[in-house]
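If you want the building blocks of each chain, they are given just below.
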Amino acid sequence: MARLVKRTHSEPYKLAVGGEEKYLCRCGLSKNQPFCDGSHKLARTEESGKLYWYDDAGQRHEATGAVPGIRTF
């Protein structure tokens, strides 16, 4: 399912749980939510201030026009 993502973080959040390292997704692109699967690497070349969406194949598209209801965290 394609979805719109406003990325504000470019790296996962590292946690230590029971002596094991876990990484939580903060880019919104991981298919293994809430854990990071490395998908944030797709967003490395995004331009600041622009809004993008990613399709099921992981292809990036620039969102154009108004996007009602988008939330920023």
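Please refer to the structure placed before this passage.
The structure contained in this document is the topic of the report that follows. The model shown is predicted, which means the values in this text are computed figures rather than measured ones.

## Considerations on the pattern of salt bridges
For step 1, the next point in the chain: Counted according to the given criterion, the structure contains two salt bridges.
For step 2, the next point in the chain: Between Glu-21 and Lys-14 there is a salt bridge, with its nearest N and O atoms 3.1 Å apart.
For step 3, the next point in the chain: Ionic pairing is found between Lys-22 and Glu-20, a salt bridge with its closest N-O pair at 3.3 Å.
For step 4, the next point in the chain: Of the residues examined, Lys-22 reaches a relative accessible area of 29% and is grouped as partly exposed.

## Side note on the packing of aromatic side chains
For step 1, the next point in the chain: Taken as a whole and judged by the stated rule, the model has zero aromatic pairs.
For step 2, the next point in the chain: Sitting over the ring of Phe-35, Lys-22 keeps its end group 5.8 Å from the ring centre.
For step 3, the next point in the chain: Residue placement shows Arg-60 over the ring face of Tyr-52; its charged tip is 5.2 Å from the ring centre.

## Description of the side chain of His-40
For step 1, the next point in the chain: For His-40, the position within the fold is in the loop between strand S3 (20–24) and strand S4 (52–54).
For step 2, the next point in the chain: Among residues more than four places away in sequence, those in contact with His-40 are Ser-10, Pro-12 and Cys-27.

## Notes on unusual backbone geometry
Among all residues except glycine, the phi angle is most often negative; among peptide bonds, the trans geometry is most common.
For step 1, the next point in the chain: With an omega of 5 degrees, the peptide bond between Gln-33 and Pro-34 qualifies as cis.
For step 2, the next point in the chain: Summarising the element assignment, Pro-34 is placed in the loop between S3 and S4.

## As for the state of the cysteines
What is meant by a disulfide is a covalent connection between two cysteines, made through their sulfur atoms.
For step 1, the next point in the chain: The final tally for this structure, using the stated rule, is zero disulfides.
For step 2, the next point in the chain: Here Cys-27 is not disulfide-linked; the sulfur of Cys-25 is the nearest cysteine sulfur, at 3.9 Å.
For step 3, the next point in the chain: By relative accessible area, Cys-27 is classed as buried at 5%.

## A short note on the pairing of S3
For step 1, the next point in the chain: Examined bridge by bridge, strand S2 (residues 13–17) and S3 share five bridges and lie antiparallel to one another. Residue Val-17 lies in a different strand from S3, and its bridge partner there is Glu-20.
For step 2, the next point in the chain: Two successive antiparallel strands, S2 and S3, enclose a turn made up of two residues, where Gly-18 displays a positive phi of approximately 60 degrees.

## Considering the environment of Arg-26
For step 1, the next point in the chain: Relative to the helices and strands, Arg-26 resides in the loop between S3 and S4.
For step 2, the next point in the chain: Residue Arg-26 is classed as partly exposed on the basis of its relative accessible area of 35%.
For step 3, the next point in the chain: Ignoring any residue separated from it by four or fewer positions in sequence, one finds Arg-26 in contact with His-9, Glu-11, Pro-12 and Tyr-13.
For step 4, the next point in the chain: Reaching out from Arg-26, the side chain makes a polar contact with the backbone oxygen of Glu-11 at a distance of 3.0 Å.

Rules behind the numbers
Residues numbered from 1 in each chain as written. Predicted model: local features only at pLDDT ≥ 70, side-chain atom pairs only at ≥ 80, totals over all residues. Heavy atoms only, no water. Salt bridge = Lys/Arg side-chain N within 4 Å of Asp/Glu carboxyl O. Buried < 20%, exposed > 50% of the residue type's maximum accessible area, 1.4 Å probe, protein only. Phe/Tyr/Trp six-rings, centres within 6.5 Å; stacked < 30°, edge-to-face > 60°. Lys NZ or Arg CZ within 6 Å of the ring centre and 35° of its normal. Helix = DSSP H or I, 4+ residues; strand = E, 2+ residues; numbered from the N terminus. Contact = heavy atoms within 4.5 Å. Disulfide = S-S within 2.5 Å. Pairing = 2+ DSSP bridges. Polar contact = N/O pair within 3.5 Å; in protein donor to acceptor, adjacent residues only side chain to side chain.

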